[in-house]
Amino acid sequence: MHGLVLTSLFVAVLLLCQIETKRSRQKSKRPEGAVPSVACDVRAGKISHAEFIARCPANCVQSKQPVYGTDVYASISSICNAAIHGGVITDAGGKVIVRKTAGQDFYKGSFSNGVRSLSLPKWRESFTITGQSIISTVCRITAKK
């Protein structure tokens, strides 16, 4: 019985990986530029691409670099501390996708994941941060085995 359940689960993961691979190949819009690694103090506004990948180092929370906003951050915010604040990565670092958007009339501060973000009345440019999907991560791990 357990063997049948494990086999079914493995087949389901393989099918999900095939679907995810097809989706990845079909996506025409990818981040314009890649920034392999950024320091804890790098702000999104200093990168000229509208969408990019950044690799954050470990221990950025201790750097106390400023973050403005919650979920949508002002471009003067630290990319890595915003990613930690948003729960996309931990203080161990990691890869994130940054997408710039129009400025907001107000950025609400909050405390999350060990990072205090500040409120800001208005700023000209914003950004959001996402990470890899769980299916992509599982497929990558499965492919290595």
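The structure under discussion appears in the preceding block.
Summary of the structure given here. Counting restarts for each chain, with residues numbered from 1 along the sequence as it is written. Local features are withheld for residues below a pLDDT of 70 in this predicted model, meaning they are given only at 70 or higher, and side-chain atom pairs are given and counted only at 80 or more; totals for whole chains, interfaces and linings count all residues. The basis for every side-chain value is the complete set of non-hydrogen atoms in the structure, without hydrogens or water.

### Concerning the nonpolar core
Threshold: Nonpolar cores are built from buried Ala, Val, Leu, Ile, Met, Phe, Trp, Tyr and Cys residues. Side-chain atoms within 4.5 Å join them into one set. Classification of residues uses two cut-offs on accessible area relative to the type maximum, computed with a 1.4 Å probe and protein chains only: under 20% is buried, over 50% is exposed, and between them is partly exposed. Here a strand is any run of E in DSSP of at least two residues, a helix any run of H or I of at least four, and the numbering for each starts at the N terminus. Residue contacts are defined here by distance: any two heavy atoms, one from each residue, within 4.5 Å place the two residues in contact.
Counting 22 residues, the largest nonpolar core has Cys 56, Ile 79, Val 96, Val 98, Phe 127 and Ile 129 as its most contacted members. Broken down by secondary-structure element, the contributors of at least two residues to this core are strand E2 (51-56), helix H2 (79-85), strand E5 (94-102) and strand E8 (125-130). Per-element tally for this core: the top contributor is H2, with five residues. Excluding residues within four positions of it along the chain, Val 98 makes contact with Ala 44, Ala 50, Glu 51, Phe 52, Ile 79, Phe 127, Thr 128 and Ile 129.

### A closer look at unusual backbone geometry
A positive phi angle, close to 65°, is found at Asn 59, a residue other than glycine. Turning to its location among the elements, Asn 59 is positioned in the loop between E2 and strand E3 (69-70). For Asn 59, a relative accessible area of 48% translates into the label partly exposed. With a phi close to 55°, Asn 113 is a non-glycine residue in the positive phi region. Looking at the secondary structure, you find Asn 113 in the loop between strand E6 (111-112) and strand E7 (115-116). In this structure Asn 113 comes out as partly exposed when scored by relative accessible area, which is 49%.

### Focus: the pattern of salt bridges
Selection criterion: Whenever Lys or Arg places a side-chain nitrogen within 4 Å of a carboxyl oxygen from Asp or Glu, that contact is recorded as a salt bridge.
Throughout the structure, instances matching the rule amount to three salt bridges. Here Arg 99 and Glu 51 are joined by a salt bridge, their closest N and O atoms 3.3 Å apart. Placement of the pair is Arg 99 in strand E5 and Glu 51 in strand E2, with a sequence separation of 48 residues.

### So, the state of the cysteines
This is how it is decided: In this description, a disulfide is simply a cysteine sulfur pair whose atoms lie within 2.5 Å.
What the rule picks out here adds up to two disulfides. Each sulfur in the disulfide pair Cys 56 and Cys 80 lies 2.3 Å from the other. Given an S-S torsion of about -95°, the disulfide between Cys 56 and Cys 80 has left-handed geometry. A residue pair is termed long-range when its members are at least 10 positions apart, and Cys 56 in strand E2 and Cys 80 in helix H2 qualify at 24 residues.

### Some remarks on the packing of aromatic side chains
Here is the rule: Here the aromatic set is Phe, Tyr and Trp, taking the six-membered ring for Trp, and pairing holds for ring centres within 6.5 Å; pairs whose planes are under 30 degrees apart are stacked, those over 60 apart are edge-to-face, and all others are tilted.
Scanning the model with the defined rule gives one aromatic pair in all. Ring centres 5.8 Å apart and planes at 35° place the aromatic pair Tyr 73 and Phe 127 in the tilted group. Of this pair, Tyr 73 sits in strand E4 (residues 72-74) while Phe 127 sits in strand E8, and the two are 54 residues apart along the sequence. Residue Tyr 73 is classed as buried on the basis of its relative accessible area, which comes to 2%.

### Focus: the pairing of E5
Consecutive side chains along a regular strand alternate between the two faces of the sheet. The following threshold applies: Any two strands with at least two DSSP-identified bridges between them are counted as paired.
Relative to E5, E2 is paired through six bridges, and the arrangement is antiparallel. By the bridge assignment, Cys 56 is partnered in E5 with Gly 94. As defined by bridge partners, E5 adjoins E8 across six bridges and the pair is classed as antiparallel. Within the sheet, the bridge partner assigned to Ala 102 lies in E8 and is Glu 125.

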